[in-house]
Amino acid sequence: MPESYNTIAGTSVERLAAISDGVFAVAMTLLVLDIHTPATELIHGELDLLRSLRLLLPRLLVYVMSFLTLGIFWIGQQTQLNLLERSSRNLSWIHIAFLFAVSITPFSTQLLAQFLTFRTALLAYWLNIFLLGTILFLSWRSAIGSGVVKKDIQPSVPNAVQRRILGAQALYAIGAGLCVVNTYLSVAVIIALQLNYAIAPRSFWKEFRREKRLS
């Protein structure tokens, strides 16, 4: 029986990883374009410059948060792709939808940076994170269901990937929910969560102690 187009389309994991890297690179670069140096005509001395830089701090804070967000989700997607033997047409489209969520991150970042005290802006930003996590979770479920995951991975890996996504999304939702108290508190909690996932302190100290024992 001859192969249909849909069974042979979008099967390259390498090409999927390549376009993902490109979209992430552009999105992460666009984030910084919203941060502008102070206008020259407004600066007449050191105090003016320090005052202007202080006003930039909220935008820098949101920029750092979004850069961490994209870095975490890039690692998450690459982890999934590295566990695949091949892709499929449906899985490729799910990842393209994921890249759409990546591409709108500069917009949600700019919205939050401009209206940092507004709960609506914070919730819009969180919805962007929620969309990223949801699509990434669906991509993994689709990969497992379609049988394209590598056969030689440890049995605990599929559940570990799912737990990572679900756990992170639950914590992000709690962080976003704190905006009812204060949006700055909400941003601070989200950044703390991101630093935890980026640095992975428990793994770091476990590895550090292991190296100390070996030495």
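Before going into details, it helps to say that this report is about the structure given with it. A quick note: this is a predicted structure, and the numbers were derived from the prediction, not measured.

Rules and cut-offs
- Residues numbered from 1 in each chain as written.
- Predicted model: local features only at pLDDT ≥ 70, side-chain atom pairs only at ≥ 80, totals over all residues.
- Heavy atoms only, no water.
- Helix = DSSP H or I, 4+ residues; strand = E, 2+ residues; numbered from the N terminus.
- Buried < 20%, exposed > 50% of the residue type's maximum accessible area, 1.4 Å probe, protein only.
- Contact = heavy atoms within 4.5 Å.
- Areas by Shrake-Rupley, 256 points an atom, 1.4 Å probe, with all protein chains shown as cover.
- Salt bridge = Lys/Arg side-chain N within 4 Å of Asp/Glu carboxyl O.
- Phe/Tyr/Trp six-rings, centres within 6.5 Å; stacked < 30°, edge-to-face > 60°.
- Expected span 1.5 Å × (residues − 1).
- Core = buried A, V, L, I, M, F, W, Y, C linked by side-chain atoms within 4.5 Å.
- Axes fitted to C-alpha atoms, helices over the stretch in contact; angles between N-to-C directions.
- Parallel < 35°, antiparallel > 145°, perpendicular 65-115°, else oblique.
- Left-handed = near helix turned anticlockwise from the far one by under 90°.
- 1 Å grid on protein atoms, 1.4 Å probe; cavity = no way out; pocket = protein on both sides within 12 Å on 5 of 7 lines; lining within 4 Å.
- Points joined across faces, edges and corners; volume = space filled by probe spheres on them.
- Nonpolar A, V, L, I, M, F, W, Y, C, P; charged D, E, K, R; others polar.

1. Some details on the overall build of the protein chain
- Along the protein chain, the regular secondary structure elements total nine helices and zero strands.
- Ordering the α and β elements of the protein chain from the N terminus gives α-α-α-α-α-α-α-α-α.
- When burial is assessed residue by residue, the protein chain has 35% of its 215 residues classed as buried.
- For the protein chain, long-range pairs separated by at least 24 residues make up 79% of all intrachain contacts whose partners lie at least 6 apart in sequence.
- Per element, the accessible surface of the protein chain, about 13000 Å² overall, is 66% carbon and sulfur.

2. Notes on the pattern of salt bridges
- If you walk through the whole model with that rule in mind, you get one salt bridge.
- K151 is the partner of E85 in a salt bridge, and the nearest nitrogen-oxygen pair spans 3.7 Å. Placement of E85 in the loop between α3 (46–82) and α4 (89–103) and of K151 in the loop between α6 (119–146) and α7 (157–177) is noted, with a sequence separation of 66 residues between them.
- With relative accessibility at 47%, the residue E85 sits in the partly exposed group.

3. Remarks on the packing of aromatic side chains
- Going through the model one piece at a time under the given rule, you end up with five aromatic pairs.
- Between F73 and F98, the aromatic rings sit 6.4 Å apart at their centres with planes inclined by 55°, giving tilted as the arrangement. Here F73 is found in helix α3, whereas its partner F98 is found in helix α4, with 25 residues between them in sequence.
- Its relative accessible area of 6% is what places F73 among the buried residues.
- Between W126 and F130 the ring centres are 5.5 Å apart and the planes differ by 35°, which places this aromatic pair in the tilted class. Linking W126 with F130, this pair stays in helix α6, spanning four residues, or about one helical turn.
- Residue classification places W126 among the buried positions, given a relative accessible area of 19%.
- For F130, a relative accessible area of 38% gives the class partly exposed.
- In textbook terms, an aromatic cluster arises when at least three aromatic residues are bridged by ring pairs, as seen for F24, F73 and F98.

4. Section: α6
- Across its 28 residues, α6 extends 40 Å between first and last C-alpha, which sits within 8% of the 40 Å expected from 1.5 Å per residue.
- At the C-terminal side of α6, G147 shows a positive phi close to 70°.

5. Some thoughts on the nonpolar core
- Grouped together as the largest cluster of nonpolar side chains are 47 residues, with contacts concentrated most on M65, L84, F98, L112 and Y172.
- Listed by contribution, the elements that provide at least two residues to this core are α2 (13–32), α3, α4, α5 (105–114), α6, α7 and α8 (183–199).
- Among the elements that line this core, the one with the most residues is α6, at ten residues.

6. A closer look at the packing of α3 against α5
- Contact pair α3 / α5: the axes reach a minimum separation of 9 Å and the direction vectors enclose 155°. Comparing the axis directions of α3 and α5 gives the class roughly antiparallel. For the element pair α3 and α5, the recorded crossing hand is right-handed. The residues of α5 that touch α3, namely those facing R59, V62, M65, S66 and L70, are T105, T109, L112, A113 and Q114.

7. Considering the layout of surface pockets
- Taken as a whole, the largest pocket spans an internal volume of roughly 430 Å³.
- Lining the largest pocket are 19 residues, and of these I72, I75, G76, T79 and R164 sit closest to its centre.
- Counting only elements with at least two residues in the lining of the largest pocket, the list comes to α3, α7 and α8.
- The element best represented in the lining of the largest pocket is α3, accounting for nine residues.
- Class assignment for the residues of the lining of the largest pocket results in 13 nonpolar, five polar and one charged.

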